[in-house]
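Overview (structure and organization)
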Amino acid sequence: MWISLIGFMGSGKSTVGRRTAERAFASCIDFDAEIAAEAGRSIAEIFARDGEAEFRALERRALEAVDRDGDGVLACGGGIVEAWSNRELLRSLGVVVWLDASWETLRARLESDGGERPLVGDLGWDGLEELYLRRRPLYAATAHFRLRADLDDVEETARRVAACRSAARPRKEASP
Ligand code: S3P
């Protein structure tokens, strides 16, 4: 069974995903990293050269390539929930957990990580906050569980994600 982490940029999906997988000796597929490795270019370069639509197509392809019978953690890009078909597919793969954090926390993290997320530069802080507010209902509709990701404690968040997984797993019949 897969456990998928969704949430806005800066919510910690990749870090928490890796840690959750390590705890369970399972694998973690980080879609952005996989897309970049396959394309031989960074996500920012894909956005700049091919546009967001092409990136979304690659993201969709990465999601479709997930082995339905596999097991582990999927660290999704923040925009994966934009497409209805992605939301459906994610839910059909297992448990979906929304790492939710306040806008203030996310903005502070995005400001300090100095990374190269293309939408940060393209939309600016006001546009990004609008996107955050617009996406919240999409995260809510996709997730089976919502966890507060304001804590800067990866270990504790990973522990809670693992607990969501256990809660969702069908219990084995007790032996007679
Ligand atoms: C995006 C989020 C990014 C990456 C791309 C688009 C988005 O992933 O997929 O830049 O639309 O929110 P992270 O959420 O891991 O930063």
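The structure this text deals with has already been given above.
So, a few notes on the structure that sits alongside this text. The residue numbering used here restarts from 1 in each chain and proceeds along that chain's sequence as written. The model is predicted, so local features are restricted to residues of pLDDT at least 70 and side-chain atom pairs to those at 80 or more, both for listing and for counting; the totals for chains, interfaces and linings are taken over all residues. With hydrogens and water stripped out, all remaining heavy atoms of the structure feed into the side-chain values.

**Here we look at the site of the ligand**
Residues in contact with the ligand amount to 14 residues; listed here are only the nearest, Lys 13, Asp 32, Arg 56, Arg 117 and Arg 135. Residues adjacent in sequence count toward polar contacts only when both atoms are side-chain atoms; beyond that, a polar contact is any pair of N or O atoms within 3.5 Å, and within protein one must be able to donate a hydrogen and the other to accept it. At 3.3 Å, a backbone N or O of Gly 79 approaches an oxygen atom of the ligand. Exposure was quantified through the Shrake-Rupley algorithm and a 1.4 Å probe, taking into account, for residues, occlusion by the shown protein chains and nothing else. Starting from 380 Å² of accessible surface for the ligand in isolation, the protein chains cover 95%. Secondary structure elements with two or more residues in the shell around the ligand: helix 3 (43–50), helix 4 (52–64) and helix 7 (118–142). We call a residue near a molecule or strand as soon as one heavy atom of that residue lies within 4 Å of the molecule or strand. Numbering of helices and strands starts at the N terminus; helices are DSSP runs of H or I of at least 4 residues and strands are runs of E of at least 2.

**Description of unusual backbone geometry**
The residue Phe 25 is not glycine, and still its phi comes out positive at about 55°. Along the chain, the position of Phe 25 falls in the loop between helix 1 (13–23) and strand 2 (27–30).

**Observations regarding the nonpolar core**
What we call a nonpolar core is a set of buried Ala, Val, Leu, Ile, Met, Phe, Trp, Tyr and Cys residues that are connected through their side-chain atoms within 4.5 Å. Remark: exposure states derive from per-residue accessible area (1.4 Å probe, protein chains only) relative to the maximum for the residue type, with buried under 20%, exposed over 50%, and partly exposed in between. Grouped together as the largest cluster of nonpolar side chains are 37 residues, with contacts concentrated most on Ile 6, Phe 8, Met 9, Phe 31, Leu 74, Ile 80 and Leu 128. Sorting the residues of this core by element identifies strand 1 (2–6), helix 2 (31–39), helix 3, helix 4, helix 5 (84–93), strand 4 (94–100), helix 6 (103–113) and helix 7 as the ones contributing at least two each. Contact between two residues is taken to exist if any of their heavy atoms lie within 4.5 Å; hydrogens are not considered. Apart from the residues lying within four places of it in its own chain, the contact partners of Ile 80 are Ile 6, Phe 31, Arg 56, Glu 59, Leu 63, Asn 86 and Leu 90. The next biggest cluster of nonpolar side chains, apart from the first, holds 13 residues, and it includes Ile 3, Val 95, Leu 147 and Val 161.

**Quick look at the packing of aromatic side chains**
The geometry of two aromatic rings is summed up by the distance between their centres and the angle between their planes. Any Phe, Tyr or Trp ring, taking Trp's six-membered ring, that has another such ring centre within 6.5 Å forms a pair; planes under 30 degrees apart are called stacked, those over 60 apart edge-to-face, and the others tilted. All told, the structure shown has six aromatic pairs when counted by the stated rule. Arranged with centres 6.3 Å apart and planes meeting at 70°, the rings of Phe 8 and Trp 103 form a pair that is edge-to-face. Here the residue Phe 8 occupies a position in the loop between strand 1 and helix 1, and Trp 103 occupies one in helix 6, the gap between them amounting to 95 residues. With relative accessibility at 2%, the residue Phe 8 sits in the buried group. Ring centres of Trp 103 and Tyr 132 lie 5.7 Å apart, and the angle between their planes is 40°; on these two criteria the pair is classed as tilted. Within this pair, whereas Trp 103 is found in helix 6, its partner Tyr 132 is found in helix 7, the two being separated by 29 residues in sequence. One aromatic cluster in this structure is built from Phe 8, Trp 103, Trp 125 and Tyr 132.

**A few points about the side chain of Thr 142**
Relative to the assigned elements, Thr 142 resides in helix 7. For Thr 142, a relative accessible area of 1% corresponds to the buried category. Of the polar contacts made by the side chain of Thr 142, one reaches the backbone oxygen of Leu 138; its length is 2.6 Å. What Thr 142 contacts, discounting residues up to four positions off in sequence, is Ile 6, Val 81, Arg 87, Leu 90, Arg 91 and Val 96.

**Details of the sheet that holds strand 2**
Two strands make a pair as long as DSSP finds a minimum of two bridges between them. The five strands lie next to each other as 2-3-1-4-5, forming an open sheet whose pairing is parallel. The outermost strands of the open sheet, each flanked by one partner alone, are strand 2 and strand 5 (145–148). For this sheet the average axis-to-axis angle between neighbouring strands, irrespective of direction, equals 25°. Across four bridges, the pairing between strand 1 and strand 3 (residues 72–75) is parallel. Pairing of Ile 3 across the sheet is with Val 73, part of strand 3. Set on the sheet, helix 2 makes contact with strand 2 and strand 3; between it and strand 2 the angle comes to about 65°. Against the sheet, helix 7 contacts strand 1, strand 4 and strand 5, and its axis sits at roughly 150° relative to strand 4. Note on definitions: angles span 0 to 180 degrees between N-to-C directions of axes, and those axes are lines fitted to C-alpha atoms, for helices only across the stretch in contact.

**Let's talk about the pattern of salt bridges**
For salt bridges, the criterion is a side-chain nitrogen of Lys or Arg within 4 Å of an Asp or Glu carboxyl oxygen. Applying the stated criterion across every chain yields a total of 18 salt bridges. Residues Arg 146 and Asp 100 are paired through a salt bridge, measuring 2.5 Å at the closest nitrogen-oxygen approach. Taken together, the residues span a long stretch of sequence, with Arg 146 in strand 5 and Asp 100 in strand 4 at a distance of 46 residues. For Arg 146, a relative accessible area of 47% translates into the label partly exposed.

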